[in-house]
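# Structural description and commentary
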Amino acid sequence: MNSTPTDTAHPASEEIPLRIDGQQPLSAQTVAAVAAVCDAAEDLDGRASVVVRVSGVPRGPWPGDLTVSLVSKWERVLRRLERLPAPTVAVADGDCGGPALDVLLATDHRIATGSMRLVLPLEGGATWPGMALYRLAGHGANAAPIRRAVLYGTPVEATDALALHLIDQLTDDVPDALRLAAERAAAVSGTELAIRRQLLHDAAATSFEEALGVHLAACDRALRRATTGARA
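For the structure given in this document, a descriptive report is provided here. Numbering of residues starts from 1 in every chain and runs along the sequence as written. A pLDDT threshold of at least 70 governs which residues receive local features in this predicted model, and a stricter bar of 80 or more applies before side-chain atom pairs are shown or counted, although totals over entire chains, interfaces and linings include all residues. Side-chain calculation: all heavy atoms of the structure are included, whereas hydrogens and water are not.

### Some points on the packing of helix α1 (residues 28–43) against helix α2 (residues 68–82)
Axis separation between α1 and α2 bottoms out at 10 Å; the angle between their running directions is 25°. On the basis of the axis angle, α1 is roughly parallel to α2. Of the two elements, α1 crosses α2, and the hand of that crossing is left-handed. Between α1, through Ala28, Thr30, Val31, Val34, Ala35, Cys38, Asp39 and Glu42, and α2, the contact on the second element is made entirely by Leu70, Lys73, Trp74, Val77, Arg80 and Leu81. Fitted lines through C-alpha atoms give the axes, limited to the stretch in contact for helices. The angle between two N-to-C directions lies from 0 to 180 degrees. For the purposes of this entry, the term helix denotes a DSSP run of H or I that reaches at least four residues, the term strand denotes a run of E that reaches at least two, and both are numbered from the N terminus. An angle below 35 degrees is read as roughly parallel, one above 145 as roughly antiparallel, one from 65 to 115 as roughly perpendicular, and any other as oblique. When the near helix sits turned anticlockwise from the far one by under a right angle, the crossing is termed left-handed; a clockwise turn instead gives a right-handed crossing. Note on definitions: a residue-residue contact is assigned when non-hydrogen atoms from the two residues lie within 4.5 Å.

Here it is, written out as structure tokens:
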């Protein structure tokens, strides 16, 4: 990919909001809302940030019209959110489960209030086996709070979530936490952040020899961007 002056680091110029209510059952509308945010962030080509507010847990039985096809679309749009060329920040308040938990775990920086709890709701004697389980396990499959959450639906308290790096920050001052997160994100281009994010995610499952070529390509890109920036 050829470098251009627009690839250079710059502050995120637009904040794209998203609200996910975990009390609402997963629906095509929820998938479409997340897809629309992804469209907007991709159209801005690294010049945006996404701020997601999540709360709520599913109430009652799983909806009768929920299908594997819909779940597949949801998991794919979450993966798209996870790979956006933009920093993604989540603010979690109160109990977070279902779609709220899914989206929270797919963001880069996670801010929580002290009342937050991560919940895998129980239905029919079992927790939902979606990809939230996979993402939770990535933070420590043998950690007692995660094991209890996945097997028994026991909520993960805010302090345990912080200790396990499931969230990045506990705060009573959400506006200030968002301001600091925005300042941090302003130091990097969203497109470059996406590359580093992917390298970070792949590192745990990739050998040194397999990873070397991809990292060298990223280094070459960084050097070409620096040269282009110096000439601009």
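### A look at the pattern of salt bridges
The salt bridge definition used is simple: a Lys or Arg side-chain nitrogen within 4 Å of an Asp or Glu carboxyl oxygen. The final tally for this structure, using the stated rule, is 12 salt bridges. Among the salt bridges present, the one from Glu183 reaches Arg179, with a minimum N-O distance of 2.9 Å. With Glu183 and Arg179 both in helix α7 (residues 174–185), this residue pair falls 4 residues apart, about one helical turn. When its relative accessible area of 47% is taken as the criterion, Glu183 is described as partly exposed. Residues Arg224 and Asp220 are paired through a salt bridge, measuring 3.0 Å at the closest nitrogen-oxygen approach. Taken together, the positions of Arg224 and Asp220, both in helix α9 (residues 208–231) and 4 residues apart, correspond to about one turn of that helix. Burial classes follow relative accessibility: with a 1.4 Å probe on protein chains only, a residue under 20% of its type's maximum area counts as buried, one over 50% as exposed, and anything between as partly exposed. Exposure remark for Arg224: the relative accessible area of 29% places this residue in the partly exposed category. Each of Asp39, Glu42 and Arg80 takes part in a single network of salt bridges with overlapping partners.

### A few points about the side chain of Thr171
Its location among the elements puts Thr171 in the loop between β9 (169–170) and α7. Here Thr171 falls in the buried class, since its relative accessible area comes to 13%. One polar contact links the side chain of Thr171 to the main-chain amide nitrogen of Asp173, over a distance of 2.9 Å. Under the rule applied, a polar contact is a pair of N or O atoms within 3.5 Å (in protein, one hydrogen donor and one hydrogen acceptor; residues adjacent in sequence only if both atoms are side-chain atoms).

### What about a nonpolar patch on the surface?
Together, Phe208, Leu212 and Leu216 line one region of the surface with nonpolar side chains, adding up to about 330 Å² of accessible area. Its place among the elements puts Phe208 in helix α9. By relative accessible area, Phe208 is classed as exposed at 62%. Each patch is built from salt-bridge-free residues with over 30% relative accessible area, joining like charges within 9 Å and nonpolar side chains (Val, Leu, Ile, Met, Phe, Trp, Tyr) within 5 Å. All accessible areas in this document rest on Shrake-Rupley with a 1.4 Å probe, and a residue is counted as covered only by the protein chains that are shown.

### Concerning α2
Multiplying one less than the number of residues by 1.5 Å gives the expected span of a helix. For α2, spanning 15 residues, the distance from its first C-alpha to its last is 21 Å, which sits close to the expected 21 Å at 1.5 Å a residue. Looking only at α2, the buried set comprises Leu70, Val71, Trp74, Glu75, Val77, Leu78, Leu81 and Glu82. An end-on view of α2 places all buried positions within 165° of arc, on one side of the element. The exposed residues of α2 that point more than 90 degrees off its buried face are Val68, Lys73 and Arg76. Structurally, α2 contributes buried residues whose contacts are with α1, β3 (88–97), α3 (99–105), α4 (131–137) and α8 (190–203). Think of the arc as the fan of directions from the helix axis to the C-beta atoms.

### So, the layout of surface pockets
Using only the protein atoms, space was sampled on a 1 Å grid; points where a 1.4 Å probe fits but cannot get out form cavities, open sets with protein on both sides within 12 Å along at least five of seven lines form pockets, and lining residues are those with an atom within 4 Å of a point. Grid points are joined across faces, edges and corners, and a volume is the space filled by probe spheres set on the points. In this structure, the largest pocket occupies an estimated 1,100 Å³ of space. Every residue lining the largest pocket is counted, 36 residues in all, and those nearest its centre are Glu82, Thr107, Arg110, Arg197 and His201. Counting only elements with at least two residues in the lining of the largest pocket, the list comes to α2, β3, β4 (109–112), α4, α7 and α8. Top element by residues in the lining of the largest pocket is α8. It accounts for 7 residues. Split into classes, the residues belonging to the lining of the largest pocket amount to 16 nonpolar, 8 polar and 12 charged. Each pocket or cavity is described by its volume, and for the second largest pocket that value is around 320 Å³. Leu26, Pro58, Trp62, Gly98 and Pro99 are, among the 22 residues lining the second largest pocket, the residues nearest its centre. Going through the elements one at a time, α2 and α3 are the ones with two or more residues in the lining of the second largest pocket. Residue classes follow a fixed rule: Ala, Val, Leu, Ile, Met, Phe, Trp, Tyr, Cys and Pro count as nonpolar, while Asp, Glu, Lys and Arg count as charged, and any other residue, Gly among them, counts as polar.

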